[in-house]
Amino acid sequence: MCFSYFKCNLCHTFVINYRLQCPSAGLFQCSITGLVFRMEGEGEVLYRTVPWDRRLLAQNGKRPAGPLFKFTCLNGSVCQLHLPHCEIFPGGGCDYLSVAHVTDDIIEFIPPHDITETHIIINISGFCAYGLTKDKDAPVFPIKAQVLLFYQPSDDPELESVLHVLLLPRNVVLMKVQEERARRNGTRETFIETTSDCKLTPDQTYSLSTDGYHRVIPEIKKFDNDKDYENYTTTFAVFLPVKVKKAELTLKKKKNIAWSTLDLLSSLFVNREYPWKGFYRYQGNSSDKTVYVL
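Residues numbered from 1 in each chain as written. Predicted model: local features only at pLDDT ≥ 70, side-chain atom pairs only at ≥ 80, totals over all residues. Heavy atoms only, no water.

Going by what an unreviewed UniProt entry lists, the protein is known as FIIND domain-containing protein and is assigned to Hucho hucho. Taken directly from UniProt, the Subcellular location (unreviewed entry) text for the protein runs: "Cytoplasm, Cytosol". (UniProt positions renumbered as here; feature names shortened; annotations may be inferred.)

Given below as structure tokens:
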């Protein structure tokens, strides 16, 4: 499994391509995106995430329920595709989910061949773009989600630093989030690895509280999950006083705790020279570079 960059001449940004190499027939999972491919033999698949056409989805009464992947089958044959989902199975199953097959301005919706606790499975005979969708009037249930944290130190050591807190569906591509945040903010932010998994209810409001030494803006925010497969914007900003090296955060829906973490910032001060060590960092001058992921 590897990924590489190429430059889009239309928007002048760098885009990540993922390349999956399969040595034989069988099931193969991408370690970065969570996608699973059923191969009929040895093969290689190239793919990347692309923006949804929300107008086209809305015309069909749909909204995103996962990233949209554009595929190129370089060689070999893929007969089945498994797309990660975030649903926590309610009574009655997930008949409000479908997979969009997008070709230019044409879109068709494919019912699942099967649904597991983690993936929606469809049979395919050709490639273009595929992504998971949900009916706009689908019932609202909690979904598998995650809390991602990006630390931004102040340019002035006498001013507050900022911790950006993002509430996102579990099936976003983490590397894409990191790449997009770094594209916007350069090297100013550090991604903090912590226990991120939680369950959040779409369209419900949440509050983030701290140990009392930090300002949080805003006080409450709605979890608008279907808009977060491309934007990756800050949900809460936590302003940290000068020289603070510890933060305790708790995310709540009313009085119910949805997620919490302790001693959050200590890892940032263990290795000041390489705070990004172990994480992907966007670099705009690396368009011809391929990096292998273990």
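Peer 1: How should I be thinking about the sheet that holds strand β19 (residues 220-222) in this particular structure?
Peer 2: In a beta sheet, neighbouring strands pair by backbone hydrogen bonds and run either parallel or antiparallel. As summarised here, the arrangement of the four strands in space is β19-β17-β21-β22, forming an open sheet in which the pairing is antiparallel. Two strands close off the open sheet at either side, each with one partner strand: β19 and β22 (256-261). The average undirected angle you get between the axes of adjacent strands in this sheet is 25 degrees. Sheet analysis places strand β21 (residues 249-253) next to β22, joined by five bridges and oriented antiparallel. The partner of Lys253 across the bridge, within β22, is Asn256. (Pairing = 2+ DSSP bridges. Helix = DSSP H or I, 4+ residues; strand = E, 2+ residues; numbered from the N terminus. Axes fitted to C-alpha atoms, helices over the stretch in contact; angles between N-to-C directions.)

Peer 1: Can you help me understand the sheet that holds strand β4 (residues 36-39) in this one?
Peer 2: Reading across the sheet, the five strands line up as β3-β4-β7-β11-β10 and stay open at both edges, with antiparallel pairing between neighbours. The two strands at the open ends of the sheet, each matched to only one other strand, are β3 (26-29) and β10 (114-115). Bridging between β4 and strand β7 (residues 78-84) involves four bridges; their strand directions are antiparallel. Bridge pairing in β7 links Val36 to His82.

Peer 1: Before we go on, may I ask you to explain the packing of aromatic side chains in this structure?
Peer 2: Aromatic ring pairs are defined here through the distance separating the ring centres and the angle between the ring planes. Per the stated rule, a full pass over the model turns up seven aromatic pairs. Geometrically, the ring pair formed by Phe37 and Tyr47 is tilted, given 5.4 Å between the ring centres and 50 degrees between the ring planes. Here Tyr47 lies in strand β5 (residues 43-50) and Phe37 lies in strand β4, a separation of ten residues in the sequence. The exposure class of Tyr47 is buried, given its relative accessible area of 1%. Relative to Phe71, the ring of Phe37 lies with its centre 6.0 Å away and its plane at 80 degrees, an arrangement referred to as edge-to-face. A residue pair is termed long-range when its members are at least 10 positions apart, and Phe37 in strand β4 and Phe71 in strand β6 (residues 62-75) qualify at 34 residues. Accessibility expressed as a relative area gives 4% for Phe71, which makes it buried. Through a chain of ring-to-ring contacts, the aromatic side chains of Tyr18, Phe37, Tyr47, Phe69, Phe71 and Tyr130 assemble into a single cluster. If you follow Lys62 out to its NZ or CZ, it ends over the ring of Phe109, 5.2 Å from the centre. The ring of Phe239 has Arg215 sitting right over it, with the charged end atom 4.4 Å from the ring centre. (Phe/Tyr/Trp six-rings, centres within 6.5 Å; stacked < 30°, edge-to-face > 60°. Buried < 20%, exposed > 50% of the residue type's maximum accessible area, 1.4 Å probe, protein only. Lys NZ or Arg CZ within 6 Å of the ring centre and 35° of its normal.)

Peer 1: In this structure, what is going on with the pairing of β21? I would like to understand it.
Peer 2: Consecutive side chains of a regular strand alternate in pointing toward one face of the sheet and then the other. Pairing between strand β17 (residues 205-209) and β21: three bridges, direction antiparallel. Paired with Leu208 across the two strands is Leu251, which belongs to β21. Remark: two residues form the turn of the hairpin made by β21 and β22, two consecutive strands paired antiparallel; Lys254 in that turn has positive phi of roughly 60 degrees.

Peer 1: I keep staring at the confidence of the model for the protein and nothing clicks. Help me out?
Peer 2: Fine structural detail should not be taken from predicted coordinates in areas where pLDDT scores are low. Residues at a pLDDT of 70 or more form 82% of the protein, whose mean pLDDT is 82. Note that pLDDT drops below 50 for residues 3-13; the model gives that stretch 35 contacts with residues more than four away or on any other chain. Confidence drops under a pLDDT of 50 for residues 270-294, and excluding neighbours within four residues, the segment shows 42 contacts in the predicted structure. (pLDDT = per-residue confidence, 0-100. Contact = heavy atoms within 4.5 Å.)

Peer 1: Whenever I open this one, the pattern of salt bridges confuses me. Can you help?
Peer 2: Pairs may arise between side chains of opposite charge once their charged atoms sit close together. Within the structure shown, the criterion is met by ten salt bridges. With its nearest N and O atoms 2.6 Å apart, the salt bridge here joins Lys62 to Asp135. Residue Lys62 is located in strand β6, and its partner Asp135 is located in strand β12 (residues 129-135); the two are separated by 73 residues in the primary sequence. Residue Lys62 is classed as buried on the basis of its relative accessible area of 14%. In this structure, the salt-bridge partner of Glu189 is Arg181, at a minimum N-O distance of 2.7 Å. As far as the burial class goes, Glu189 and Arg181 line up, both buried. Among the charged side chains, a network of salt bridges with common partners joins Glu180, Arg183 and Arg184. (Salt bridge = Lys/Arg side-chain N within 4 Å of Asp/Glu carboxyl O.)

Peer 1: Looking at this structure, I do not really get helix α2 (residues 174-185). What am I missing?
Peer 2: Spacing of three or four residues puts side chains on the same side of an α-helix, whose turn is 3.6 residues. Between the first and last C-alpha of α2 there are 16 Å, a value that for twelve residues agrees with the 16 Å anticipated at 1.5 Å per step. Residues Met175, Lys176, Val177, Gln178, Glu179, Glu180, Arg181, Ala182 and Asn185 constitute the buried set of α2. Immediately beyond the C-terminal end of α2, within one or two residues, lies Gly186, with a positive phi of roughly 65 degrees. (Expected span 1.5 Å × (residues − 1).)

Peer 1: Looking at this structure, how should I read the nonpolar core?
Peer 2: Across soluble globular proteins, you tend to see nonpolar side chains buried next to one another. Of all hydrophobic cores here, the largest spans 32 residues; its most connected members are Leu208 and Leu251. Those elements that provide at least two residues to this core are β13 (143-152), β14 (161-169), β15 (190-192), β16 (197-200), β17, β20 (236-240) and β21. Take this core: its biggest share by element is seven residues, from β13. With near-sequence residues (within four places) excluded, Leu251 lies in contact with Val147, Leu167, Leu200, Tyr206, Ser207, Leu208, Phe236, Asn256, Ile257, Ala258 and Trp259. If you look at the next biggest cluster of nonpolar residues, it comprises 31 residues, including Ile16, Phe28, Leu81 and Tyr96. (Core = buried A, V, L, I, M, F, W, Y, C linked by side-chain atoms within 4.5 Å.)

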